[in-house]
Amino acid sequence: MEIKRVMVIGAGQMGGGIAQVCAQAGFDVLLNDMNQDALDKGMKRIEKLLTRAVDKERINESDKTDTLNRLSKSSQLQDAHNCDLVIEAVVENMDVKEKVFGELDNIVPKHAILASNTSSLPITEIAAATKRPDQVIGMHFMNPVPVMKLVEIIRGLQTSDETYNVIKEMTDKLSKVPVEVEDFPGFVANRILMPMINEAIYTVYEGVSSVEDVDTVMKLGMNHPMGPLTLADFIGLDTCLYIMEVLYEGFGDSKYRPCPLLRKYVKAGWLGKKSGRGFYQY
Ligand code: CAA
Ligand code: NAD
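As annotated in an unreviewed UniProt entry, the protein chain is 3-hydroxybutyryl-CoA dehydrogenase from Virgibacillus phasianinus. In its Sequence similarities (unreviewed entry) section, the UniProt entry covering the protein chain states "Belongs to the 3-hydroxyacyl-CoA dehydrogenase family."

Have a look at this one:
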C-alpha cells in the first residue's frame, strides 16, 4: 500500500509539526482542527518555520512554496474520506480519542491506516473503538517535531505486520528514526521522562530547591538541553498530568502518583508555555 494523502487531526504544537514534516516529505496533507483559531495559528506557525528554514538556507523558496501548496486546512473529519493515513494529535484524553477514531472508521477508505500520536494511552484500547484494529497503530513523534529525530512506533494487540511495515517506511520517508515499542503505559519515552519531570516538581513542592535551581542542576549537571520544569512547560502541564495519570493507573504503583502541585497548576489553567503561565511566565 502506498501512502499519498494524509490527514493530521489537531493543529496544536504536535499536529502542526507533524503536518509540516509530512508536507516537506512530499505527502499531500490536510491539517484538521475543530477550532478555527487553532487551525489558523497552526498554519501560520508552519509558514513561519518554513520561512526560517529558507533564511537559514536549509531549503529554498520553491521548496517552501511546494510544501505550502501540499498543505490544506480542514475543519471537518469528513474530509478524510480520500486519505490513506490519518495521524491523530488531539488532546491526551481517551474519551476524545475514542470518539475521533470511532467517527474516522466510518469515513476513511477501507485500506486507510489510523495512527495516534498519543504520548501514553493504550493503542489497543483506541483501536477497539474501530472495526479495523489491525490498521490502528501508535506513531509517537517528539516535540518539537521538525527538530526531534525519534518516532516511537507502538503496535496494539491486533496491529498487523503490514500496517507496521507501512508506518515504518513512512517514518523513514520523513527522515525520522523509528523505534518499535510494545503497548504498555507511557511506552518507553514517557515511562522514563515523565517520572523525572514529576520528581522535579516534587523537589520544588517539598521546598528542596527553586524552579530555576532545579532546572540549572539538570542543565549544567546532566547536560540536558532544557531543565525538567522548562521542558514540562514546553510539553504542556495538562499533557504531563494526563501522562502521569496513565502511568499511575496503568501500573497501579504509587511511585507514579502525580505531584499535587502539578494538579493545582493544571486546575488553575496554568498549562505552561501554550497558556502563558506554568512554572515560568511567558
Ligand atoms: N518548533 C520548531 N523548531 C524549533 C522549535 C519549535 N518549537 N524550537 C526550536 N526549534 C528549532 C529552532 O528554530 C532552531 O533551529 P535553527 O537551527 O533553524 O536555528 C533549533 O531548533 C535550535 O533551537 P534554539 O537554538 O532556539 O534553541 P536550543 O538549541 O535550545 O534548541 C530545542 C531547542 C531543540 C527545543 C532544545 O532545547 C531541546 O532539545 N529541548 C528538549 C526537547 C525535548 O526533550 N523534547 C522531547 C519532549 S517529550 C516528548 O515530546 C514526548 C511527549 O509525549 C511529551
Ligand atoms: P495541543 O493542546 O497543543 O493541541 C491539541 C489540538 O487538538 C488543539 O488545537 C485542539 O483544538 C485540537 N482538538 C481537540 N479535540 C479535537 C477534535 N475532536 N477534533 C479536532 N481537533 C481537536 O496538544 P499537543 O501538545 O499538540 O498534544 C497533542 C497530542 O500529542 C496529545 O495526545 C499529546 O499527548 C501528544 N504529544 C504531545 C507532546 C508534547 O510535547 N506536547 C509530545 C508528543 C506527543
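Caption draft 1: Local environment of the packing of helix α7 (residues 189–205) against helix α9 (residues 228–235). Relative to each other, α7 and α9 sit at 115°, their axes nearing to 9 Å. The element α7 and its partner α9 pack so that their crossing is left-handed. Each of L193, M194, M196, I197, A200, I201 and V204 in α7 lies in contact with α9, whose residues at this interface are P228, L229, L231, A232 and I235. Across the contact of α7 with α9, the residue classes break down as 12 nonpolar, no polar and no charged.

Caption draft 2: Main features of the site of ligand 2. Near ligand 2 there are 24 residues, and of these D33, E92, K97, S119 and I235 occur at the shortest range. Here an oxygen atom of ligand 2 sits 3.0 Å away from a polar atom, N or O, in the side chain of N143. Coverage of ligand 2 by the protein chains reaches 86% of its 840 Å² of free accessible surface. Listed by contribution, the elements that provide at least two residues to the shell around ligand 2 are α1 (13–24), α4 (94–105) and β6 (136–141). Broken down by class, the residue content of the shell around ligand 2 amounts to 9 nonpolar, 11 polar and 4 charged.

Quick notes on the rules
- Residues numbered from 1 in each chain as written.
- Chains lettered and ligands numbered in written order.
- Predicted model: local features only at pLDDT ≥ 70, side-chain atom pairs only at ≥ 80, totals over all residues.
- Heavy atoms only, no water.
- UniProt positions renumbered as here; feature names shortened; annotations may be inferred.
- Axes fitted to C-alpha atoms, helices over the stretch in contact; angles between N-to-C directions.
- Helix = DSSP H or I, 4+ residues; strand = E, 2+ residues; numbered from the N terminus.
- Left-handed = near helix turned anticlockwise from the far one by under 90°.
- Contact = heavy atoms within 4.5 Å.
- Nonpolar A, V, L, I, M, F, W, Y, C, P; charged D, E, K, R; others polar.
- Near = heavy atom within 4 Å.
- Polar contact = N/O pair within 3.5 Å; in protein donor to acceptor, adjacent residues only side chain to side chain.
- Areas by Shrake-Rupley, 256 points an atom, 1.4 Å probe, with all protein chains shown as cover.

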